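One letter stands for each residue in the lines below.
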There are 2 protein chains.
Amino acid sequence: MIPYQIIEKKSKGQQLSDSEIREFILGYTDGSLPDYQMSALLMAIFIQGMNTEETLALTKVMLESGERMDFSSAPDFVADKHSTGGVGDKVSILLAPILAVLNIHIPMISGRGLGHSGGTLDKLESIPGFNVNLELDKWKELVIQEHVGLIGQTGNICPADKKIYALRDVTATVRSIPLISASIMSKKIAEGIQGLVLDVKTGNGAFMQTPEASRSLANSLVSIGQGYGIKTTALITDMNQPLGSAIGNWFEIEESVRGLQGDGPKDLMDVTYALGAEILRMSNPDLSQAAAIDLQTRTVTDGSAFEKLKKITELQGGDPRVLDNLSNYPKAKYSGVITASKSGYLSQVDTMALGFAGIQLGAGRRKMSDSIDFSSGLYIHARLGDKLEKGDPILSIYSNDEKALEEVLNKGKEYFSIDRSLPEIPPLILERIE
Amino acid sequence: MIPYQIIEKKSKGQQLSDSEIREFILGYTDGSLPDYQMSALLMAIFIQGMNTEETLALTKVMLESGERMDFSSAPDFVADKHSTGGVGDKVSILLAPILAVLNIHIPMISGRGLGHSGGTLDKLESIPGFNVNLELDKWKELVIQEHVGLIGQTGNICPADKKIYALRDVTATVRSIPLISASIMSKKIAEGIQGLVLDVKTGNGAFMQTPEASRSLANSLVSIGQGYGIKTTALITDMNQPLGSAIGNWFEIEESVRGLQGDGPKDLMDVTYALGAEILRMSNPDLSQAAAIDLQTRTVTDGSAFEKLKKITELQGGDPRVLDNLSNYPKAKYSGVITASKSGYLSQVDTMALGFAGIQLGAGRRKMSDSIDFSSGLYIHARLGDKLEKGDPILSIYSNDEKALEEVLNKGKEYFSIDRSLPEIPPLILERIE
């Protein structure tokens with residue numbers, strides 16, 4: 001294999017063979033191919049694309065570059081949920097305990113915040129003591145015995161993806177459907193799951209901003225999963241406004257706890273239950289959609305899902321008492337409110353800007369070495385289509401960084417549009433792909 | 001400037017601003033931007049292209065990354081000729097002395113062999129003692145006093161191009177019209193010339209294989225030259241067979257000497273005079289084409305051009321006696337002949353394969369550290385359309401490497417097609433672009 005010729009082939013838009021993809025990726029992973037050749041190939045893929053066959057081959061080599069989990073000894077159905085990322089998306093924190101109570105094994109390997117989007121690991125770490133870096137054996141034991149364990153990616157899982165992702169991040173080759181697909185699916189397949197539901201976000205707070213792009217990505221992800229014999233479906237869900245009200249790590253834990261206590265925002269609960277129903281119906285095809293929703297709501301009303309979250313928190317080293325006493329959590333030093341500048345209907349929210357505002361306030365990292373201020377974040381008080389009077393609060397802002405708070409207070413007014421007429425409101429769940 | 005955003009912009013096919021191009025290229029040249037970001041941008045440019053404005057900006061920053069020669073003190077017109085590279089193309093070795101005799105200053109900075117194509121510097125070094133690495137001051141003195149000096153690129157001229165070229169070479173981003181144009185033109189403009197004629201090769205032995213691609217390149221090169229106030233024209237000339245008969249360093253010097261002695265192959269002399277006429281008419285717009293050709297042939301018939309070649313050889317440390325006694329030059333140990341396998345017209349020559357065969361025999365480098373065997377090479381005995389009888393010699397092969405010779409003898413039969421009917425013969429000079 002001559003790397004030069006593989007790069008040249010893709011730059012002309014031609015299909016790469018399985019062995020060309022394999023040798024290039026493994027050569028890069030083991031250090032025998034330099035960064036600059038990988039980045040040239042990534043850019044050629046980014047512009048020219050890859051077909052389903054190539055995307056599958058790329059997924060396969062990434063998967064095989066590392067360790068693959070084995071849950072064949074688990075007594076119940078093994079499944080996971082993955083979101084392509086948005087603002088205020090805390091579904092995993094609700095869904096993992098709900099499904100675990102319903103005897104689904106959830107070997108959930110999550111990520112950190114990325115771009116404007118928060119990360120499940122960062123949110124979990126806002127619970128004092130919560131350890132997302134468990135030994136793999138300990139994690140597997142939790143997944144089998146407690147039906148759920150929540151960790152981050154380890155060095156053993158898809159090392160090729162890890163190395164390539166870092167390079168994509170600095171060469172403007174992140175937003176490529178085949179590259180995203182192979183990256184997501186190799187890690188999910190490595191979890192050893194039997195079922196997977198994908199929450200593909202669409203809208204101005206999503207990585208894929210149009211329904212068409214989201215649909216392409218969803219189709220690509222679903223076809224890879226099914227190609228691996230994993231029951232896979234996707235929901236395309238709206239990200240033209242944050243999901244729920246809370247944005248920021250502890251704020252989102254708090255909102256998740258309220259959700260598990262029966263007091264969650266409707267949009268958040270609807271998306272959670274819809275995704276959960278997908279997995280429950282994969283596990284039991286005879287189950288109706290209504291019954292799948294009902295099973296989940298009962299874990300909330302009877303308190304079992306919240307108990308599960310506290311138990312898993314405790315087993316992963318965290319302090320479950322903070323979940324029972326939400327108001328005791330340390331507060332940010334500074335806060336402010338943005339109010340409606342005129343009366344009318346909330347017609348547009350700059351969701352991505354809200355995500356970046358959260359980072360600016362301290363809820364995310366500007367560079368890898370930054371630490372996170374778990375007490376900083378945002379609450380959005382209105383949803384698209386809500387009728388506002390001039391002066392009504394729209395956004396509450398919390399931070400320990402006074403200057404950042406001032407800046408967000410100033411810029412933040414521009415994140416919202418208010419119109420005289422009722423805007424068209426995007427549906428929460430646009431489409432189901434199977 | 002954020003490099004990421006510049007890469008992203010070009011990957012979407014958008015136009016980069018002058019300052020974006022400048023900061024990226026200078027950042028890469030001074031080492032503050034890594035190879036992998038440059039190679040991502042190069043691939044994006046390779047696939048998405050650059051318009052005239054961007055290509056000019058790229059040329060400008062490459063040019064300004066280094067030193068620029070100044071021949072404003074030269075009494076006569078200062079000009080150069082550049083070829084995009086082919087097989088058997090020894091025009092520079094004839095044209096430099098011819099034009100010098102006709103009082104054109106030729107500050108010729110040439111290259112080494114590249115891919116299948118030979119390089120003027122390698123050819124000159126087959127003359128014992130010939131030094132192509134003169135001090136710049138010494139070279140300038142020669143250009144002013146003798147009207148010609150022949151050297152290679154120095155570290156001071158277009159260092160940005162030097163660094164980027166090395167990266168293009170390993171990332172499959174060589175064949176890009178804007179990248180080629182900026183690379184060629186920045187170096188030529190740095191020579192401080194007033195006139196430039198470009199020999200843009202086309203055909204199966206050229207880097208650009210179709211007339212359309214060659215025409216695009218020629219237009220791009222000419223517009224950059226003119227944008228810098230340099231009188232610039234281009235001839236698109238045929239490279240569907242070698243130029244002249246000789247391929248290989250000393251073999252090409254020998255053929256050039258015969259050309260300057262009035263005994264050169266017609267195609268070689270025609271291209272040489274046509275290119276020379278372009279420069280003579282830039283220098284003196286009143287000169288007719290016929291007169292421009294006539295002036296040149298007279299430098300051959302009166303022996304003055306050959307004397308000039310010997311003089312410049314001597315002044316650059318070479319031994320001019322070898323040029324007077326061609327037959328004394330060391331011969332290759334092994335030789336062989338490929339003959340016509342049937343009677344008919346020579347209808348096709350695999351010109352690029354002949355170029356690579358020359359390298360295999362020792363006339364070029366397979367890797368940078370290889371040394372060149374000046375006595376190895378090829379002679380082609382027939383031209384497209386020539387009538388051959390079975391057994392007529394087509395190609396003579398010379399090498400000091402017996403195994404390589406055998407291999408070329410075996411493969412070489414496939415380089416030639418012989419047909420019953422007279423093939424269409426491509427014109428030697430397809431087009432003039434100004």
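Residues numbered from 1 in each chain as written. Chains lettered and ligands numbered in written order. Predicted model: local features only at pLDDT ≥ 70, side-chain atom pairs only at ≥ 80, totals over all residues. Heavy atoms only, no water.

J.: How should the overall build of chain A be read in this particular structure?
T.: Within chain A one finds 17 helices and 13 strands. Each of the three principal axes of chain A carries a C-alpha extent, and together these read 65 × 45 × 40 Å. Here chain A holds 434 residues, and 57% of them are scored as buried. Partitioning the contacts of chain A with sequence separation of at least 6, the portion at a separation of at least 24 is 78%. Here chain A holds 43 positive side-chain charges and 55 negative ones, and the gap between their average locations is 2 Å. (Helix = DSSP H or I, 4+ residues; strand = E, 2+ residues; numbered from the N terminus. Buried < 20%, exposed > 50% of the residue type's maximum accessible area, 1.4 Å probe, protein only. Contact = heavy atoms within 4.5 Å. Lys, Arg positive; Asp, Glu negative; His and termini not counted. Charge placed at Lys NZ, Arg CZ, Asp CG, Glu CD.)

J.: Sorry if this is basic, but what is going on with helix α10 (residues 211–227) of chain B here?
T.: Owing to its 3.6 residues per turn, the α-helix aligns residues three or four sequence positions apart on the same side. All names here are of chain B. The end-to-end C-alpha distance of α10, which contains 17 residues, comes to 24 Å, matching closely the 24 Å that a straight helix rising 1.5 Å per residue would cover. Among the residues of α10, those classed as buried are S214, L217, A218, S220, L221, V222, I224 and G225. In this structure, the buried residues of α10 make contact with α4 (52–64), α9 (177–190), β4 (195–202), β5 (231–238) and β13 (429–433). Positive phi shows up at G229, right after α10, with a value of about 75°. (Expected span 1.5 Å × (residues − 1).)

J.: What's the story with the domain arrangement of chain A in this structure? I'm lost.
T.: Residue and element names in this part refer to chain A. As far as domains go, chain A holds domain 1 (3–49), domain 2 (79–158 + 172–324) and domain 3 (332–419). For domain 2 versus domain 3, the distance between C-alpha centres works out to 25 Å. The interface of domain 2 with domain 3 comprises 26 residues on the first partner and 21 residues on the second. When the area that domain 2 buries against domain 3 is broken down by residue, the three leading residues are H116, Q241 and F251, summing to 30%. On the surface where domain 2 and domain 3 come into contact, there are 1 salt bridge. The shortest N-O distance in the salt bridge between R383 and D267 comes to 2.8 Å. Where domain 2 touches domain 3, the interface holds 12 residue pairs in polar contact (both at pLDDT 80 or more). Going through the elements one at a time, α6 (120–125), β6 (246–247) and α11 (249–260) are the ones with two or more residues in the side of domain 2 that touches domain 3. Its residues placed into classes, the side of domain 2 that touches domain 3 shows 8 nonpolar, 13 polar and 5 charged. (Domains from an automatic or database assignment. Buried area = accessible area lost by both parts, 1.4 Å probe. Salt bridge = Lys/Arg side-chain N within 4 Å of Asp/Glu carboxyl O. Polar contact = N/O pair within 3.5 Å; in protein donor to acceptor, adjacent residues only side chain to side chain. Nonpolar A, V, L, I, M, F, W, Y, C, P; charged D, E, K, R; others polar.)

J.: Honestly, the confidence of the model for chain A in this entry has me stumped. Any pointers?
T.: Predicted coordinates in areas of low pLDDT are best not read in detail. Summary statistics for chain A give a mean pLDDT of 95 and a share of 99% for residues scoring 70 or more. The ipTM, which scores confidence in the relative placement of chains, is 0.78 for this predicted complex, and the corresponding pTM is 0.82. (pLDDT = per-residue confidence, 0-100.)

J.: Looking at this structure, I do not really get the pairing of strand β3 (residues 148–152) of chain B. What am I missing?
T.: Walk down a regular strand and you will see the side chains alternate between the two sheet faces. Residues and elements named next belong to chain B. With respect to burial, β3 is a largely interior element, 5 of its 5 residues being buried. Burial along β3 is two-sided: the residues V148, L150 and G152 and G149 and I151 are all buried. Summarising the sheet, strand β2 (residues 106–110) and β3 pair through 5 bridges and their orientation is parallel. Each bridged residue has a counterpart across the sheet, and for I106 the counterpart in β3 is V148. (Pairing = 2+ DSSP bridges.)

J.: Teacher, can you tell me more about the packing of aromatic side chains here?
T.: By convention here, two paired aromatic rings are described through the distance between centres and the angle between planes. Scanning all chains against the criterion turns up 10 aromatic pairs over all chains. Here the aromatic rings of B:Y379 and B:Y398 are separated by 6.4 Å at their centres, their planes lie at 90°, and the arrangement is edge-to-face. Separated by 19 residues along the polypeptide, B:Y379 in strand β9 (residues 377–380) and B:Y398 in strand β11 (residues 393–399) bring together distant segments of the chain. The rings of A:F251, A:Y379 and A:Y398 are connected pair by pair, giving a single aromatic cluster. Directly above the aromatic system of A:Y28 lies the positively charged group of A:K163, at a separation of 4.5 Å from the ring centroid. (Phe/Tyr/Trp six-rings, centres within 6.5 Å; stacked < 30°, edge-to-face > 60°. Lys NZ or Arg CZ within 6 Å of the ring centre and 35° of its normal.)

J.: When you look at the relation of the copies chain A and chain B in this model, what are you seeing that I'm missing?
T.: Overlaying chain A on chain B yields an RMSD of 0.1 Å, the required transformation being a rotation through 180° with an accompanying axial translation of 0.1 Å. Between the two chains, the operation in question is that of a two-fold axis. For chain A, the residue whose C-alpha comes nearest the rotation axis is A:Y36, separated from it by 1.9 Å. A high fraction, 100%, of the interface residues of chain A reappear at the interface in chain B, so the copies pair face to face through one surface. (Least-squares fit on C-alpha atoms with pLDDT ≥ 70 in both.)

J.: Which parts of the structure should I look at to understand the pattern of salt bridges?
T.: A side chain of one charge can pair with a side chain of the opposite charge if their charged atoms are brought near each other. Applying the stated criterion across every chain, the model contains 51 salt bridges over all chains. Across the pair B:D294 and B:R298 runs a salt bridge, and its minimum N-O distance is 3.1 Å. Of this pair, B:D294 and B:R298 both sit in helix α13 (residues 289–301), 4 residues apart, which is roughly one turn of the helix. Given the relative accessible area of 36%, B:D294 is considered partly exposed. Through salt bridges with shared partners, a single ionic network connects A:R22, A:K60 and A:E64.

J.: What's the story with the interface of chain A and chain B in this structure? I'm lost.
T.: By convention, interface size is frequently given as the accessible area that disappears when the constituent parts associate. Each side of the interface is counted separately: chain A has 21 residues, and chain B has 21 residues. For the pairing of chain A and chain B, the buried interface totals around 1,700 Å² over both sides, and the portion due to carbon and sulfur atoms is 71%. On inspection of chain A and its partner chain B, the count reaches 0 salt bridges. Inspection of the chain A/chain B interface yields 5 residue pairs in polar contact (both at pLDDT 80 or more). Per-element accounting of the side of chain A that touches chain B gives the leading share, 10 residues, to helix α3 (residues 35–48) of chain A. Counted by class, the side of chain A that touches chain B contains 12 nonpolar, 5 polar and 4 charged residues.

J.: Looking at this structure, I do not really get the sheet that holds strand β10 (residues 387–388) of chain B. What am I missing?
T.: Backbone hydrogen bonds hold the strands of a sheet together, and the pairing may be parallel or antiparallel. All names here are of chain B. Strand order in this open sheet of 3 strands is β10-β8-β12, and the pairing throughout is antiparallel. In this open sheet, the two strands that pair with only one neighbour each are β10 and β12 (416–419). Across 4 bridges, the pairing between strand β8 (residues 344–349) and β12 is antiparallel. By the bridge assignment, L346 is partnered in β12 with I418.

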